[in-house]
Amino acid sequence: MPLRRRDFLLGTAATTVAAPAFGHRANEPRPNATDYLIIGAGTAGLPAAIFASRRGASVQLVDAAPVIGGTLQIAQGQISGAGTRLQRTLGIEDTPELHYDDIMRVTLGTADPDIARLVADNAGATIDWLLSAGFTPLPGHPVTGASPGRPAYSRRRYLWGADAGRSILQVVLREIEPLLADGRIRLALDSRVTQLLVDDNGAVRGASVLREGRAQEFHARNVLLTCGGYAANGSLFRQLCGYPNYAGSAYVHSQGDGLALATSVGGYLRGREKYRSGFGSILADEHYPAKVYARFNTVPQDRPPWEIWVNQLGERFVREDEPDLLRREQSLLGQSELRYWIVFDEAILRAAPPGIKGWSREQLRAACNRHPMFSSASSVDALAQATGIDAHGLAATIAAYNKVVAGGRDPLGRRHAPHAISRGPFYAIRHQGHSATSVVGVTVDAQLRVLRGGGDAVENLYAAGEILGSGATMGKAFAAGMMLTPALTFGRLLGERLPI
């Protein structure tokens, strides 16, 4: 069960440790400061607290939510790492170098090289920690992550548990609960950080926290921003990404507080140009963010297409049987509002395999009379009017496609074209591209120090987790496990290595 709002007093015991591998401070902070102030008790913050406390550090955890766990409560839970004990047991030869090469290959070189290197070099130890603490992968794991249209890892290193992200959270909770119970970690929930405390030299020395309507200051030698991204903040999402947050699947407390805190002391953001959208869903309505209502099967390896896909101008924008998912996704970025329609006629509806898993043809027809994303009409012109698609463009596109079906060459290269679109009623299902991740993030160096625009580090301030942005960890393409793995790993490293 998640830990709910309660505080734990700090213990008095401390130990001396060797100099850390990275991290520094120029001036001594206030005498009553804790060693770690961790802002965000989620995927990165919890490991940071656990490993720092085990070194004898005094730790203060702060989170705006009423429970700890962050996105682990809703994440799919996939992680990846090389050289793990599980791999060795199964006879899988793997190395951090191979993992790094795979990350850069899969992301087409668009992931941040320093971030990718830090993940690859240290993810295996993170997975070993979870395994030792009781994490149980699904049978047959690890896997390569192969799926239709996506490049896979070259080695079996990708794994997850039966209960998605909660499989990891259950393990992490067992690890942290005794440290909270004996006072070695202090926890403040329902507590929102409103300001970082900075000394005359620009070094961060703590934070001001709003708690039960009262402001309280926490002082620390090291301040960690592990409070997630901004994907639940609609206005900030649009400002940073350039698109609305169309589908509401983000963790509710991902409001972008950490990005505001970092920039308030000179940090800067990056990654807008790496925004990527999934190839779309049928949303419940137009009140964004909206729930995902259904998905049409647009994977040609699973179901070769019978329909055409058109944008608002009524034009096709990618071959519907394009096998590379990334190419399909990138083609959608060029379409107005990340939107397209799947268009077909009654003959196709009767002949083609069902496009929506579990739906009958009768269900699809019925949806056209009651759901805003489904339309039908007796003519192509009426269908255009019902959907808002350009009527001239749609008619011209259908006529050109029918010539392809009759034996012509498709200019987009489509190969599977079994049936013309010629007999009413005609149908259109609107698909909406969307993203659930925060692509823009705080810029850090290879030591996870928050950087200012000039390249110098903000003293005593570090960041890990989704606050770094998926653009840094995955670039413009999906890489298996490269959301949770960096967060867990970087939290662990910060907990192990910063000075106390």
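Residues numbered from 1 in each chain as written. Predicted model: local features only at pLDDT ≥ 70, side-chain atom pairs only at ≥ 80, totals over all residues. Heavy atoms only, no water.

(A) Up close: the environment of V171. Residue position: V171 is located in helix α5 (residues 165–181). The spatial distance from the C-alpha of V171 to the C-alpha of H434 is 31 Å, given a sequence separation of 263 residues. Among all residues touching V171, those that are not within four sequence positions of it are L130, A133, G134 and F135. (Helix = DSSP H or I, 4+ residues; strand = E, 2+ residues; numbered from the N terminus. Contact = heavy atoms within 4.5 Å.)

(B) Up close: the sheet that holds strand β15 (residues 426–432). Pairing is antiparallel across the open sheet formed by four strands, whose spatial order is β12-β13-β15-β14. The strands lining the two open edges of the sheet, one partner per strand, are β12 (308–310) and β14 (374–377). Ignoring which end each strand starts from, the neighbouring axes of this sheet average 25 degrees apart. Examined bridge by bridge, β12 and strand β13 (residues 339–345) share three bridges and lie antiparallel to one another. Bridge assignment links W309 to a residue of β13, and that residue is I342. (Pairing = 2+ DSSP bridges. Axes fitted to C-alpha atoms, helices over the stretch in contact; angles between N-to-C directions.)

(C) Representation of the packing of helix α3 (residues 96–106) against helix α4 (residues 113–132) within the structure. As a packed pair, α3 and α4 sit with axes 8 Å apart at the nearest point and diverge in direction by 145 degrees. For the pair α3 and α4, the sense of crossing is right-handed. Residues P96, E97, H99, Y100, I103 and M104 of α3 form the contact with α4, whose participating residues are P113, A116, R117, A120, D121 and A123. When the residues that make up the contact of α3 with α4 are grouped by side-chain class, the tally is eight nonpolar, one polar and three charged. (Left-handed = near helix turned anticlockwise from the far one by under 90°. Nonpolar A, V, L, I, M, F, W, Y, C, P; charged D, E, K, R; others polar.)

(D) Molecular detail of the packing of helix α1 (residues 45–54) against helix α14 (residues 484–497). Running from N to C, α1 and α14 cross one another at 25 degrees; their axes reach a closest spacing of 7 Å. Considering their axes alone, α1 and α14 lie roughly parallel with respect to each other. Note that α1 runs across α14; the crossing there is right-handed. Contacts between α1 and α14 pair P47, A48, F51 and A52 from the former with L488, G491, R492, G495 and E496 from the latter. A class-by-class count of the residues in the contact of α1 with α14 yields five nonpolar, two polar and two charged. (Parallel < 35°, antiparallel > 145°, perpendicular 65-115°, else oblique.)

(E) Focus on helix α8 (residues 325–332). α8 sits mainly inside the fold: six of its eight residues count as buried. Among all positions of α8, only L325, L326, R328, E329, S331 and L332 are buried. (Buried < 20%, exposed > 50% of the residue type's maximum accessible area, 1.4 Å probe, protein only.)

(F) Structural context of α1. Judged by how many residues are buried, α1 sits mostly within the fold: nine of ten residues are covered. G45, L46, P47, A48, A49, I50, F51, A52 and S53 are the residues of α1 that are buried. Just downstream of α1, G56 is the residue with a positive phi angle, here 95 degrees.

(G) Structural context of the side chain of S208. Locating S208 in the fold gives a position in strand β7 (residues 204–211). For S208, a relative accessible area of 11% gives the class buried. For S208, the residues in contact, after removing those within four places along its chain, are R192, V193, T194, Q195, L197, A215, Q216 and E217.

(H) Quick peek at the environment of I356. When you line up the elements, I356 lands in the loop between α9 (346–351) and α10 (361–367). I356 gets classed as buried once you look at its relative accessible area, which sits at 4%. Taking C-alpha positions, I356 is 31 Å from R156, a pair spaced 200 residues apart along the chain. Those residues in contact with I356, other than ones at most four positions away along the chain, are I282, A294, R295, F296 and F374.

(I) Spotlight on the pattern of salt bridges. The tally for this structure, following the rule as stated, stands at 27 salt bridges. Close ionic contact of D94 with R157 constitutes a salt bridge, the shortest N to O distance being 2.8 Å. Separated by 63 residues along the polypeptide, D94 in the loop between α2 (85–89) and α3 and R157 in the loop between α4 and β4 (158–159) bring together distant segments of the chain. The same class applies to D94 and to R157, which are both buried. A salt bridge links R270 to D112; the shortest N-O distance between them is 3.1 Å. Linking R270 in strand β9 (residues 269–270) with D112 in the loop between α3 and α4, this pair joins segments that are 158 residues apart in sequence. Because the salt bridges share partners, they merge into one network encompassing D94, D102, R105 and R157. (Salt bridge = Lys/Arg side-chain N within 4 Å of Asp/Glu carboxyl O.)

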